[in-house]
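Read off the chains here:
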Amino acid sequence: MENRKLFYCRHGLAGFLSVCVLLVFLRNPVLAADSFSVMEWNRELQALESLGRKAGNEIMSEQHTQTVTGQIPKSYDPRQKQMVTPVRDQGNLALCWDYAGIALMESALLIKGYRGADVDLSELHGAYAAYHLQADGSSFSQFCRRTNTRTAVFEAALAGMGPVPETEVPMRQITDDFMLPEQELYRQQYKVLSVGTQPLADADTCKRRILQMGGLMICYYSYGLYYRDQTDGSGDSSYYFPYVTKRLNHTVEVVGWDDTYGAEHFVKKPQKDGAWLVKNSWGQKGYQGVGSGFYWISYEDGSLQKQLVLSVQMSEKLVQIKPPAAESSRQEEKQEEEEKVISDPLPTWEERKECALWQMPVIEEIQPGRKHAVRDRLSMQRKLVNRF
């Protein structure tokens, strides 16, 4: 009897512990291998600001930003005004930070009035430029499938690498031996004029930044259990992670907001209405394959607390700039020409005498049949004069 009690006691305790572990898992799901902390994200943004200052960029200078006056609207959806580019698909690559960064640049260009191909920038060029900056010995294919610095595409742009149009470096299959020549790498269609950060908790300022700059780049903790596709007639998905966490694992662009977006649209109901409109990089579909590629993330999402967000200002379209490699090649060619001139032997006495004779004024009638002789004589004259 005692053995039976001991058996039930042991197995009952094991069952109780299993339930506890399951509850902990549901409240704090296992973190993805490529997750990072809010502190890491904030430090990256602050380092980018510092890099921008060193590169001579003005950090959110008032003279380069549009002033938004008056009351902030309760909702803003750039799709209604064609002020956001189409959703792209990162596929099986870990390049959400690259796609979000390029999308942020495109939105900033739309604010400046550019349209069409001028605002279709190359994600592949941005990723390779970031890889080129790192240069740790890994292949480009490995780089595209692992965790990297979320601000790397902007660091590359500040170093003179991109952005460029999609037509110049279109997306293609990425292999271990993939590479871009320096002539393609060191090209810029536009310059990053300024970068700036802002606490997401200051919602009004963030909304003004969206109206001024076109969008914001944020990170959040993505967990499949809390996505809901087609929660309303628009086809947009929704997302709300109900537990406070300091871990992040996905980077996207925020392009709008709606203070009246109902709490009932989420899997777990937040205490208040309101959500940010997010442009994702998983194609024009929802989490489960049905949707628009845009979704609403609740203001109260547990992973959005205490984080900074990034905004960017772009320059006007640049005149074609020769990359450093091309400029150095031109200088080398010029130096070779100078050395060639210096290495030429000095003209002999006979050549000097002949040159002097050729330079004497000659008065003669150019008759038919002698035009070529005169032309050859002038050519010889120029050649000898250049050798002195």
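Quick caveat, the model's predicted, so the values are computed rather than measured.

### A closer look at the side chain of Lys207
In step 1: Looking at the element boundaries, Lys207 is found in helix α8 (residues 203-213).
In step 2: Side-chain polar atoms of Lys207 contact the side chain of Asp259, separated by 2.8 Å.
In step 3: Those residues in contact with Lys207 that lie beyond four places of it in its chain are Ile72, Trp257, Asp259, Trp276 and Tyr299.

### A closer look at the confidence of the model for the chain
In step 1: Averaged over the chain, the pLDDT score is 80; the fraction of residues at 70 or greater is 69%.
In step 2: Contacts of residues 61-65 to residues separated by more than four positions or lying in other chains number six contacts, the stretch itself having pLDDT below 50.
In step 3: When the criterion is pLDDT under 50, residues 355-374 qualifies, and its contacts beyond four places in sequence or with other chains add up to 16 contacts.

### Looking at the pattern of salt bridges
In step 1: The tally for this structure, following the rule as stated, stands at 14 salt bridges.
In step 2: In this structure, Asp89 engages Lys285 in a salt bridge whose closest nitrogen and oxygen atoms are separated by 3.4 Å. Placement of Asp89 in the loop between β2 (75-76) and α3 (96-111) and of Lys285 in the loop between β9 (275-279) and β10 (294-298) is noted, with a sequence separation of 196 residues between them.
In step 3: Classification of Asp89 as partly exposed rests on a relative accessible area of 42%.
In step 4: For the salt bridge of Lys112 with Glu316, the shortest nitrogen-to-oxygen distance reads 3.6 Å. Linking Lys112 in the loop between α3 and α4 (123-134) with Glu316 in the loop between β11 (308-314) and α9 (324-343), this pair joins segments that are 204 residues apart in sequence.

### Here's the deal with α8
In step 1: Within the span of α8, buried status applies to Cys206, Lys207, Arg209, Ile210, Gln212 and Met213.
In step 2: Looking one or two residues past α8, Gly214 carries a phi angle of roughly 105°, positive in sign.

### Some remarks on the environment of Lys285
In step 1: Its relative accessible area of 32% is what places Lys285 among the partly exposed residues.
In step 2: Setting aside anything within four residues of it in sequence, one finds Lys285 in contact with Asp89, Val290, Gly291, Ser292 and Gly293.
In step 3: There is a polar contact of 3.4 Å between the side chain of Lys285 and the side chain of Asp89.

### Quick word on the packing of α3 against α8
In step 1: Close contact between α3 and α8 brings their axes to 7 Å; oriented N to C, the two are set at 70°. In terms of axis orientation, α3 runs roughly perpendicular to α8. Residues Ser107, Ala108 and Ile111 of α3 pack against Leu211, Gln212 and Met213 of α8.
In step 2: Of the residues belonging to the contact of α3 with α8, the class tally is four nonpolar, two polar and no charged.

### Let's talk about the packing of aromatic side chains
Each aromatic ring pair is described using two quantities: the centre-to-centre distance and the angle formed by the ring planes.
In step 1: In this structure the tally under the stated criterion is 24 aromatic pairs.
In step 2: Ring plane angle 20° and centroid distance 6.4 Å describe the contact between Phe140 and Phe143, whose orientation is recorded as stacked. In this pair, Phe140 and Phe143 both sit in helix α5 (residues 140-143), three residues apart, roughly one turn of the helix. The same class applies to Phe140 as to Phe143, namely buried.
In step 3: A connected cluster of aromatic rings, assembled from ring pairs, spans Trp97, Tyr128, Tyr131, Phe140, Phe143 and Phe178.
In step 4: Over the aromatic face of Phe36 sits the side chain of Arg150, whose NZ or CZ is 3.6 Å from the ring centroid.

### Some thoughts on the pairing of β9
In step 1: Among the five residues of β9, five are classified as buried, and the element is accordingly described as predominantly covered.
In step 2: Taken together, the five bridges between strand β8 (residues 250-258) and β9 define a ladder with antiparallel strand orientation. Its bridge partner being in β9, Glu253 is matched across the sheet by Lys279.
In step 3: Direction of pairing for β9 relative to β10: antiparallel, over a ladder of five bridges. Note on β10: the bridge partner recorded for Trp276 is Ile297.

### Section: α4
In step 1: Along its twelve residues, α4 runs 17 Å from first to last C-alpha, staying within 8% of the 16 Å computed at 1.5 Å per residue.
In step 2: The buried fraction of α4 amounts to nine of the twelve residues, a majority that puts the element mostly inside the structure.
In step 3: Listed in full, the buried residues belonging to α4 are Glu123, Leu124, His125, Gly126, Ala127, Tyr128, Ala129, Ala130 and Tyr131.
In step 4: Check the buried side of α4 and you find it contacts α3, α5, α6 (152-158) and α7 (182-185).
In step 5: Between a side-chain oxygen at the N-terminus of α4 and the backbone nitrogen of Leu124 the separation is 3.5 Å; the capping residue is Ser122.
In step 6: Just downstream of α4 lies Ala135, where phi reads positive at about 45°.

### Observations concerning unusual backbone geometry
In step 1: Residues Gly162 and Pro163 are joined by a peptide bond in cis, for which omega reads 5°.
In step 2: Tracing the chain through its elements places Pro163 in the loop between α6 and α7.
In step 3: One non-glycine residue with positive phi stands out, namely Gln82, at about 55°.
In step 4: Counting through the fold element by element, Gln82 comes out in the loop between β2 and α3.

Here is what the cut-offs are and how they apply
Residues numbered from 1 in each chain as written. Predicted model: local features only at pLDDT ≥ 70, side-chain atom pairs only at ≥ 80, totals over all residues. Heavy atoms only, no water. Helix = DSSP H or I, 4+ residues; strand = E, 2+ residues; numbered from the N terminus. Polar contact = N/O pair within 3.5 Å; in protein donor to acceptor, adjacent residues only side chain to side chain. Contact = heavy atoms within 4.5 Å. pLDDT = per-residue confidence, 0-100. Salt bridge = Lys/Arg side-chain N within 4 Å of Asp/Glu carboxyl O. Buried < 20%, exposed > 50% of the residue type's maximum accessible area, 1.4 Å probe, protein only. Axes fitted to C-alpha atoms, helices over the stretch in contact; angles between N-to-C directions. Parallel < 35°, antiparallel > 145°, perpendicular 65-115°, else oblique. Nonpolar A, V, L, I, M, F, W, Y, C, P; charged D, E, K, R; others polar. Phe/Tyr/Trp six-rings, centres within 6.5 Å; stacked < 30°, edge-to-face > 60°. Lys NZ or Arg CZ within 6 Å of the ring centre and 35° of its normal. Pairing = 2+ DSSP bridges. Expected span 1.5 Å × (residues − 1).

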